[in-house]
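Chains, contacts and geometry: an overview
Residue strings, one per chain:
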Amino acid sequence: MLNRALRGISYRYLTGHPWQAGLAVLGIALGVAVVVAVDLATASAQRALEISIERIAGRATHQLRGPPAGIPESLYVQLRGERGMQHSAPRVAGFGTIGGNTYELLGVDPFAEAPIGRLGGALSFSPAAINLLIRPGSIVLPAEVAKELQVTRGDVVRGRFAGLTHTLVVVGVLAVPDDAQPQGRLIITDISTAQELMGSIGYLSSVDLILVSDQVSVLRGLLPDGYLLDAVGGQAGALAAMTRGFTLNLSALSLLALMVGGFLIYNTMTFSVVQRRDLFGLLRMLGATRYQVLGLVLGEAVLIGAVGSLIGMLVGVLLAQGLVQLVTRTITDLYFVLTVREFFFDTTTLIKGSALGMGATLLVALFPAWEAGRSTPRMTMTRSLLEYQVRRIVPWLGGAGVALAGSGAGVLAWSDSIVTSYLGLFALVAGAALLSPLATLLLVRLLPQRSRLLVRLATRGITGALSRTSAAIAALVVAIAATVGIAIMVVSFRATVIDWLDYHLRADIYVSVPDAYSRRASSPLTPAVIDALIGHPAVTEFTSWRGVEVGAHLGPMRLSVVKLTAASRRAYRLLPGNLEPTWDRVSVGAVLVSESLAYRHGLAPGDVLQIDTDRGRHAFPVAGIYYDYGSDRGTVLMARPVYERFWSERAISALGLYLEEGADPQQVIDALRGRVADRQEVVIRSNQKLRESSIAIFDRTFTITQVLRLLAMGVAFVAVVSALMAIQLERAREFAILRVTGMTPGQLWRLMLGQTLLIGAVAGVLALPLGTALGWILTQIVNRQSFGWSLGWQVPPGTLLFTLALALIASLLAAIYPAWRMVRTSPAWALREE
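Below or above, wherever it landed, is the structure these notes cover. (Residues numbered from 1 in each chain as written. Predicted model: local features only at pLDDT ≥ 70, side-chain atom pairs only at ≥ 80, totals over all residues. Heavy atoms only, no water.)

**Comments concerning the overall build of the protein chain**
The helix and strand inventory of the protein chain stands at 29 helices and 20 strands. Working note: accessible area of the protein chain is about 34,500 Å², and carbon and sulfur atoms make up 61% of it. (Helix = DSSP H or I, 4+ residues; strand = E, 2+ residues; numbered from the N terminus. Areas by Shrake-Rupley, 256 points an atom, 1.4 Å probe, with all protein chains shown as cover.)

**A short note on the sheet that holds strand E15 (residues 591-594)**
Taken in spatial order, the nine strands make up an open sheet running E16-E17-E15-E18-E14-E13-E19-E12-E20, and their pairing is mixed. Edge strands, defined here as strands with exactly one partner in the open sheet, are strand E16 (608-613) and strand E20 (683-686). For this sheet the average axis-to-axis angle between neighbouring strands, irrespective of direction, equals 30 degrees. Relative to strand E18 (residues 635-639), strand E14 (residues 557-562) runs parallel, the two sharing five bridges. Residue pairing for E18: Val-562 is matched across the bridge by Ala-639. (Pairing = 2+ DSSP bridges. Axes fitted to C-alpha atoms, helices over the stretch in contact; angles between N-to-C directions.)

**A closer look at the environment of Ile-816**
For Ile-816, the position within the fold is in helix H28 (residues 797-824). For Ile-816, a relative accessible area of 40% gives the class partly exposed. (Buried < 20%, exposed > 50% of the residue type's maximum accessible area, 1.4 Å probe, protein only.)

**Focus: the pairing of strand E12 (residues 509-512)**
By the alternation rule, side chains of E12 split into Ile-509 and Val-511 and Tyr-510 and Ser-512, which are all buried. The pairing of E12 with strand E19 (residues 654-659) spans four bridges and is antiparallel. Its bridge partner lying in E19, Tyr-510 is registered against Gly-656. In terms of strand pairing, E12 meets E20 through four bridges, oriented antiparallel. Looking at the pairing, Ile-509 lines up with Ser-686 of E20.

**Description of the pattern of salt bridges**
One pass over the full model with this rule turns up eight salt bridges. Salt-bridge contacts for Arg-617 lead to Asp-612; the nearest nitrogen and oxygen are separated by 2.7 Å. Overall, the relative accessible area of 46% leaves Arg-617 in the partly exposed class. With a relative accessible area of 12%, Asp-612 lands in the buried category. A salt bridge links Glu-644 to Arg-640, with the shortest nitrogen-to-oxygen separation between them at 3.2 Å. Residue Glu-644 and its partner Arg-640 are both found in helix H22 (residues 640-646); the two are separated by four residues, about one turn of the helix. (Salt bridge = Lys/Arg side-chain N within 4 Å of Asp/Glu carboxyl O.)

**Observations regarding unusual backbone geometry**
In this model, Gln-150 sits at a positive phi of 55 degrees, which is unusual for a non-glycine residue. On the secondary structure map, Gln-150 appears in the loop between helix H5 (143-149) and strand E6 (156-161). With relative accessibility at 71%, the residue Gln-150 sits in the exposed group.

**Quick word on the packing of aromatic side chains**
Counting across every chain of the model gives eight aromatic pairs. With a centroid separation of 5.8 Å and an interplanar angle of 75 degrees, the aromatic rings of Trp-500 and Tyr-629 are classed as edge-to-face. One end of the pair, Trp-500, is in helix H17 (residues 466-504); the other, Tyr-629, is in the loop between strand E17 (616-626) and E18, with 129 residues separating them in the sequence. Just as Trp-500 is buried, Tyr-629 falls in that class too. Ring centres of Tyr-572 and Tyr-626 lie 5.5 Å apart, and the angle between their planes is 90 degrees; on these two criteria the pair is classed as edge-to-face. Here Tyr-572 is found in the loop between helix H19 (566-569) and helix H20 (582-588), whereas its partner Tyr-626 is found in strand E17, with 54 residues between them in sequence. When sorted by exposure, Tyr-572 lands in the same class as Tyr-626, which is buried. (Phe/Tyr/Trp six-rings, centres within 6.5 Å; stacked < 30°, edge-to-face > 60°.)

**Structural notes on a nonpolar patch on the surface**
Taken together, the side chains of Leu-303, Val-307, Ile-311 and Val-315 present a nonpolar region at the surface, about 280 Å² in accessible area. As for its placement among the helices and strands, Val-315 is situated in helix H11 (residues 290-334). (Patch = residues over 30% accessible without salt bridge, like charges linked within 9 Å, V, L, I, M, F, W, Y side chains within 5 Å.)

**Quick notes on helix H6 (residues 191-198)**
Most of H6 sits inside the fold, with six of its eight residues counted as buried. Backbone geometry just after H6 places Gly-199 at a positive phi near 65 degrees.

**Re helix H15 (residues 418-445)**
Because an α-helix completes one turn every 3.6 residues, residues spaced three or four positions apart along the sequence face the same direction. A rise of 1.5 Å per residue sets the reference length of H15, with its 28 residues, at 40 Å; its end C-alpha atoms lie 40 Å apart and thus fit the reference within 8%. Helix geometry: H15 is bent most strongly at Ser-436, by close to 40 degrees, with proline Pro-437 lying one to four residues after it. (Expected span 1.5 Å × (residues − 1). Bend = angle between axes of the 7 residues up to and from the residue.)

**Considerations on the side chain of His-62**
Inspection of the secondary structure puts His-62 in strand E1 (residues 62-65). Exposure remark for His-62: the relative accessible area of 13% places this residue in the buried category. Among the polar contacts made by the side chain of His-62, one reaches the side chain of Thr-61 at a distance of 2.9 Å. Beyond its immediate chain neighbours, meaning those up to four positions away, His-62 contacts Val-207, Asp-208, Leu-209, Leu-211, Val-216, Leu-229, Asp-230, Ala-231 and Val-232. (Polar contact = N/O pair within 3.5 Å; in protein donor to acceptor, adjacent residues only side chain to side chain. Contact = heavy atoms within 4.5 Å.)

**Digging into the pairing of E17**
In terms of strand pairing, E15 meets E17 through four bridges, oriented parallel. Within E17, the residue paired with Ser-594 across the bridge is Tyr-626. Of the strand pairs in this sheet, E16 and E17 are connected by six bridges, and their pairing is antiparallel. Among the inter-strand pairings, Gln-610 is bridged to a residue of E17, identified as Ala-619. Hairpin remark: E16 followed by E17, antiparallel, with two residues in the connecting loop.

**Regarding the packing of helix H18 (residues 527-534) against helix H23 (residues 665-676)**
As a packed pair, H18 and H23 sit with axes 9 Å apart at the nearest point and diverge in direction by 150 degrees. Between H18 and H23, the crossing angle belongs to the class labelled roughly antiparallel. As for the relative orientation of H18 and H23, their crossing is right-handed in sense. Across the interface between the two elements, Val-529, Ala-532 and Leu-533 of H18 pack against Leu-672, Arg-675 and Val-676 of H23. (Parallel < 35°, antiparallel > 145°, perpendicular 65-115°, else oblique. Left-handed = near helix turned anticlockwise from the far one by under 90°.)

**Notes on the packing of H15 against helix H27 (residues 745-787)**
Each pair of packed helices can be summarised by the angle the axes make with each other and by the distance between the axes. Running from N to C, H15 and H27 cross one another at 170 degrees; their axes reach a closest spacing of 10 Å. When the interaxial angle is binned, H15 and H27 end up roughly antiparallel. For the pair H15 and H27, contact is made by Ile-418, Ser-421, Tyr-422, Leu-425, Leu-428, Val-429, Ala-432, Ser-436, Ala-439, Thr-440 and Leu-443 and by Val-762, Val-765, Leu-766, Leu-770, Leu-774, Ile-777, Leu-778, Ile-781, Val-782, Gln-785 and Ser-786, respectively. Class assignment for the residues of the contact of H15 with H27 results in 17 nonpolar, five polar and no charged. (Nonpolar A, V, L, I, M, F, W, Y, C, P; charged D, E, K, R; others polar.)

**Examining the environment of Ala-763**
Within the element layout of this structure, Ala-763 appears in helix H27. When the C-alpha atoms of Ala-763 and Ile-473 are compared, they prove to be 5.4 Å apart, with 290 residues separating the residues in sequence. Residues in contact with Ala-763, not counting those within four places in the same chain, are Ile-473, Leu-476, Val-477 and Ile-480.

**Quick notes on the environment of Leu-766**
Structurally, Leu-766 is set in helix H27. Note on Leu-766: relative accessible area 18%, which makes it buried. In sequence terms Leu-766 and Thr-440 are 326 residues apart; their C-alpha atoms lie 8.4 Å from each other. Leaving out residues up to four positions away in the same chain, Leu-766 has contacts with Ser-436, Ala-439, Thr-440, Leu-443, Ile-473 and Val-477.

**Quick word on the side chain of Ser-88**
You can see Ser-88 is positioned in strand E3 (residues 88-98). Since its relative accessible area comes to 1%, Ser-88 is described here as buried. Beyond its immediate stretch of four places on either side in the chain, Ser-88 contacts Tyr-76, Arg-80, Ala-112, Val-207, Asp-208 and Leu-209.

Purely geometric stuff here, so don't read any function into it on its own.
In structure tokens, the structure reads:
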């Protein structure tokens, strides 16, 4: 009977205080929504990558890739004819543009497609695919791509491939099954047409095969040097590994928002206990046990957590559909081309979000529930006793905070992985949150004791209701510190990249094929275009660049082939400890490795890299390590004469042109464009324009980080509103007494606004050192373990002042409604007895 009465009490309280319960639900919902949104967005990107590989590879189990020049057709003929590997299909891949959009080109042999079953078997002997063999310059489009281009069978489209404009005829539209639709924009043609478009006559990009286990070992033994045989299933995993640090950072930021929401739940549950202290005292005197009271409070927390988690999951799904575009754009900018055409609904993510929401709610509700259950009837009936107990445990909380923060610092000092580093970082943040009540008391005591009456009332209002104000301050401290830390990381990262660009970009003009520096396969500059560019009278010197993927004993690596000159050597800043004379050794056969590659594989000057070449695996000594922020995968820098000794390819993807003194770069650029306009599409940019576009890409990649930071601040804002409303409701009688004893509504306004500004100021002062420490950790430890880069560290004063102002403004805005409501409340109504 008593349990039923207790349930009725909970129901009446929650329905009678919808704003308080609603804010608690909102806090946990926002935290869960951010976690679910980030997980669903990254999972959708990962699933899109897997499906794209699966649908293009079909039933193939392995893929054969060759040296940078490609796989000679003769090797494929040998494998299929002499070695009997009938379940194999050649592929020529590349990228081109039609109507301003980028499309993936897939060259296939329709007669070899049947066993592979690419795109659900839509290519196997279909009339559209057969038409490819009959008409030169023909293409077949999946139905969705044809709809996007607004073309049908028989239409003509013009596109640019390998920098050259081609006229293509649509000879068919494929009806690809729904479960086999390609994820990206795909253009299909036959092998010979694809080779013409990509300028790779006689060579294949790869060969897809269906192999059993003994065939794998046999084939590996037959392959010439410089060839790789990879399992198709491992390709998605290898590509996903590139983005692991990026996605883990997003997940950590989302958990930070949930942590801030936890303070809101704590504040709500504490207030619910304080507000019903008289009721709990009566229940205890009427026979309710402490466990029943404990169960009542925890039951309410479970209900709030369940509703908040449910709403959070629904909001998270909606939010994820926006975040997935930001995630995809960042992955495309930094790693590889990715198009997410389907949003993947992952039930595991929803279960995780629900578990985190419920777990966080119960964890933070334990203390107020325990307080309500352990109190004697007399203690429960006395409001001051709770504050007395809270103030008594503040030193213990401070000690626990120091211990937790110290353990987090220890973990960070000894951590060798990003996961443990984030655990240490969260321990440090949690320790700082536990320290915030003690720090609040100490800061308030520093204020002048003989200040004006309103100031004294405001300070005593904070310290007298520490059980709730401390939670609001802790939530603001965490959110503001995260804002400061992320801002310091972004500013430091940006300053480092700008400094590197200023050092690295030495040439006056840069010329490249479109997407030469991306992860996708790029076509070379044609010899005629190269001659036209370097033959301009104002060009006194040039350097060339080519990026290729090669095999090595440490796995596939990106090789940067550079024509080194006295000027281009100065573009590479070497880390201390390089072998002298470094550049002399590089010119005769040694290599340089970028800092991120050296960090990931533990390489040092004097080590040896075993790289697969056209002449077999060769040992290249590492002459030094250089700073490079162009790729977190890392690169190996090799002099072009050395590359040409071991590889047959002679392609060049980009040029750096040095002009004679006094030459106008823009005039030279205009002249160069006129020289090559009818030969090949190239990108010609001045040093300044390339620098600006690089910085623009950098800023774009941090957009999602800024969004998550704002969401965390939004949760903290809700926490402050909740705390102030709780204080307003509980102190209604006190404010009413002040009104009837002569305080004017204007003075009450100033009192409440002053109190909230003081809360914001205290939170800001506490958050600045914590945020600075977080910035150092993110810059010097987490970034290093995520990407392998060493960054400078900058603490811009403007950022600190802006963040402090943000804390004050957030607190002020949060106080407007509670203060307005309190001023409008009749003192007689507030003083009436229940």
